[in-house]
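An overview of the molecular structure
Residue strings, one per chain:
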Amino acid sequence: MDDGTLRYKIGIALIPKIGPVITKRLISYCGSIEGIFCEKHANLARIPGIGEKLIENILHYRNSEIPDREIEYIRKNNIT
């Protein structure tokens with residue numbers, strides 16, 4: 001798995017109130033896990049069950065450094 005895909009998988013896992021069901025719904029509407037983080041606010045708002053708070057959380061984690069730090073930790077500790 002490349003770091004880009006891993007970054008988005010870690011990112012989605014860190015967002016509060018987003019579990020497997022919401023993640024699948026977001027991927028279904030956005031086309032991919034990366035698409036979730038690239039989608040515009042207005043388009044996210046059109047997805048059933050995705051409220052303003054979830055959109056704010058997605059947009060907050062869009063540019064977060066936390067997934068990058070997690071990847072660094074994974075690599076440093078040889079975690080597979």
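In this report, the structure presented in the accompanying data block is examined. (Residues numbered from 1 in each chain as written. Predicted model: local features only at pLDDT ≥ 70, side-chain atom pairs only at ≥ 80, totals over all residues. Heavy atoms only, no water.)

Quick word on the side chain of Arg7
Counting through the fold element by element, Arg7 comes out in helix 1 (residues 3-14). Of note is the side chain of Arg7, whose polar atom sits 2.6 Å from the backbone oxygen of Ser64. If sequence neighbours within four positions are ignored, Arg7 has contacts with Tyr61, Arg62, Asn63, Ser64, Pro67, Asp68 and Ile71. (Helix = DSSP H or I, 4+ residues; strand = E, 2+ residues; numbered from the N terminus. Polar contact = N/O pair within 3.5 Å; in protein donor to acceptor, adjacent residues only side chain to side chain. Contact = heavy atoms within 4.5 Å.)

Considerations on helix 5 (residues 52-62)
Those residues of helix 5 that fall on the buried side of the exposure criterion are Leu54, Ile55, Asn57, Ile58 and Tyr61. Projected onto a plane normal to the axis of helix 5, the buried residues spread over an arc of 160° and lie on a single side. In this structure, helix 5 carries Lys53 and His60 as exposed residues pointing more than 90 degrees from its buried face. At its buried positions, helix 5 is contacted by helix 1, helix 2 (20-30), helix 3 (33-38), helix 4 (41-45) and helix 6 (66-76). (Buried < 20%, exposed > 50% of the residue type's maximum accessible area, 1.4 Å probe, protein only. Arc of directions from axis to C-beta.)

Considering unusual backbone geometry
The phi angle at Lys17 is positive, at roughly 70°, despite the residue not being glycine. Tracing the sequence through the fold places Lys17 in the loop between helix 1 and helix 2. Residue classification places Lys17 among the exposed residues on the basis of a relative accessible area of 73%.

With respect to the environment of Asp68
Turning to its location among the elements, Asp68 is positioned in helix 6. The exposure class of Asp68 is partly exposed, given its relative accessible area of 36%. For the pair formed by Asp68 and Gly4, sequence separation is 64 residues and the distance between their alpha carbons is 9.5 Å. A distance of 3.0 Å separates a polar atom in the side chain of Asp68 from a polar atom in the side chain of Arg7.

A look at the pattern of salt bridges
Scanning the model with the defined rule gives one salt bridge in all. Between Asp68 and Arg7 there is a salt bridge, with the nearest N and O atoms lying 3.0 Å from each other. Of this pair, Asp68 sits in helix 6 while Arg7 sits in helix 1; the two residues are 61 residues apart in sequence, bridging distant segments of the chain. A relative accessible area of 17% places Arg7 in the buried class. (Salt bridge = Lys/Arg side-chain N within 4 Å of Asp/Glu carboxyl O.)

Quick look at the packing of helix 1 against helix 6
Put simply, helix 1 and helix 6 touch, their axes get as near as 9 Å, and they point 120° apart. Helix-helix and strand crossings are classified by hand; for helix 1 and helix 6 the assignment is right-handed. In contact with Asp3, Leu6, Arg7, Ile10, Gly11 and Leu14 of helix 1, helix 6 contributes Ile66, Pro67, Asp68, Glu70, Ile71, Ile74 and Arg75. Grouping the amino acids of the contact of helix 1 with helix 6 by side-chain chemistry returns seven nonpolar, one polar and five charged. (Axes fitted to C-alpha atoms, helices over the stretch in contact; angles between N-to-C directions. Left-handed = near helix turned anticlockwise from the far one by under 90°. Nonpolar A, V, L, I, M, F, W, Y, C, P; charged D, E, K, R; others polar.)

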